[in-house]
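Next come the chains, spelled out residue by residue.
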Amino acid sequence: MVPEKKIILFLALYSLLLITLCSVFQFDGLYGQDGYAYLRQAKTFFSVKSHSEFWPPMYAFAGWLFSLVLQNEILALQLVSIMSLTVSGFLLIKVVQHLYPNSKQTFLFVLTVYLTSPFAVRSGIVVMSDAIAVVFCLLVAYFIFV
C-alpha cells in the first residue's frame, strides 16, 4: 500500500506533466462548440445572458474563480479540468482501497486503468465539464462507501 503523501506527490507531478504537455503542444483545450460555450459562460458568469443558457454552471463558476487569479479564462478552465482529473484519480484510489483493503496494487490499478486511459486523459485536458462531473460522481461513491 502506497502512503498517501506519495500518492498526492505523484498526482501533483501527473498534473504538471499534463500542463507541460499542453503548453509544449500549445493545446488550449478548446475543442468543439461546447468548449467555446463554457468559455463564454465563464467570461460572463454574473451577467443575465450567462444564466439564460442551459449549461452546467459549476464548471464555468470554477473557471471564473481561477480566472480571477490567472487573468486567463482559457487556462483557468483547462486547469479546472486537469485538477478534476487528478482529484478523481485520488478519489478512485480511496474508493478502491476501501472496497479492497488488503490489496497492495490499488495505486498501480488506478494508474494503469484510469490515469492512462485515453478517455480520462482527454476529458482532463479539454475544456468540458466531463472531468468535474466524474469528481462529483466519485465523491458520491466515496461518501456512500466510507
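Residues numbered from 1 in each chain as written. Predicted model: local features only at pLDDT ≥ 70, side-chain atom pairs only at ≥ 80, totals over all residues. Heavy atoms only, no water.

Q: What is the right way to read the side chain of Gln78 from this model?
A: Summarising the element assignment, Gln78 is placed in helix α5 (residues 73-99). Leave out the neighbours within four places in its chain, and Gln78 touches Cys22, Phe27, Asp28, Gly29, Tyr59, Gly124, Ile125 and Val127. (Helix = DSSP H or I, 4+ residues; strand = E, 2+ residues; numbered from the N terminus. Contact = heavy atoms within 4.5 Å.)

Q: Could you clarify how one ought to interpret the packing of aromatic side chains in this entry?
A: Given two aromatic rings, one states the distance between the centres and the angle between the planes to describe the pair. A full pass over the atoms with the stated rule returns five aromatic pairs. Ring centres of Phe10 and Tyr14 lie 6.4 Å apart, and the angle between their planes is 20°; this geometry places the pair in the stacked category. Taken together, the residues Phe10 and Tyr14, both in helix α1 (residues 4-24) and four residues apart, mark about one turn of the helix. Relative accessible area serves as the criterion here: at 28%, Phe10 is assigned to the partly exposed category. Looking at Tyr14, the relative accessible area reads 9%, which means it is buried. Judged by centre distance (5.9 Å) and plane angle (25°), the ring pair of Phe61 and Trp64 falls under stacked. (Phe/Tyr/Trp six-rings, centres within 6.5 Å; stacked < 30°, edge-to-face > 60°. Buried < 20%, exposed > 50% of the residue type's maximum accessible area, 1.4 Å probe, protein only.)

Q: Before we go on, may I ask you to explain the environment of Ala60 in this structure?
A: Mapped onto the fold, Ala60 is located in helix α4 (residues 57-70). Sequence separation between Ala60 and Phe10 is 50 residues; the distance between their C-alpha atoms is 27 Å.

Q: What exactly am I supposed to notice about the layout of surface pockets here?
A: Left-over empty space is what a probe sized like a water molecule reveals as it rolls over the atoms. Space inside the largest pocket adds up to approximately 200 Å³. Lining of the largest pocket is provided by Ile8, Leu11, Ala12, Ser15, Ile19, Leu79, Ile82, Met83, Thr86, Val87 and Phe90. Looking at the lining of the largest pocket, the elements with two or more residues in it are α1 and α5. Top contributing element to the lining of the largest pocket by residue count: α5, with six residues. Considering only residue class, the lining of the largest pocket consists of nine nonpolar, two polar and no charged. (1 Å grid on protein atoms, 1.4 Å probe; cavity = no way out; pocket = protein on both sides within 12 Å on 5 of 7 lines; lining within 4 Å. Points joined across faces, edges and corners; volume = space filled by probe spheres on them. Nonpolar A, V, L, I, M, F, W, Y, C, P; charged D, E, K, R; others polar.)

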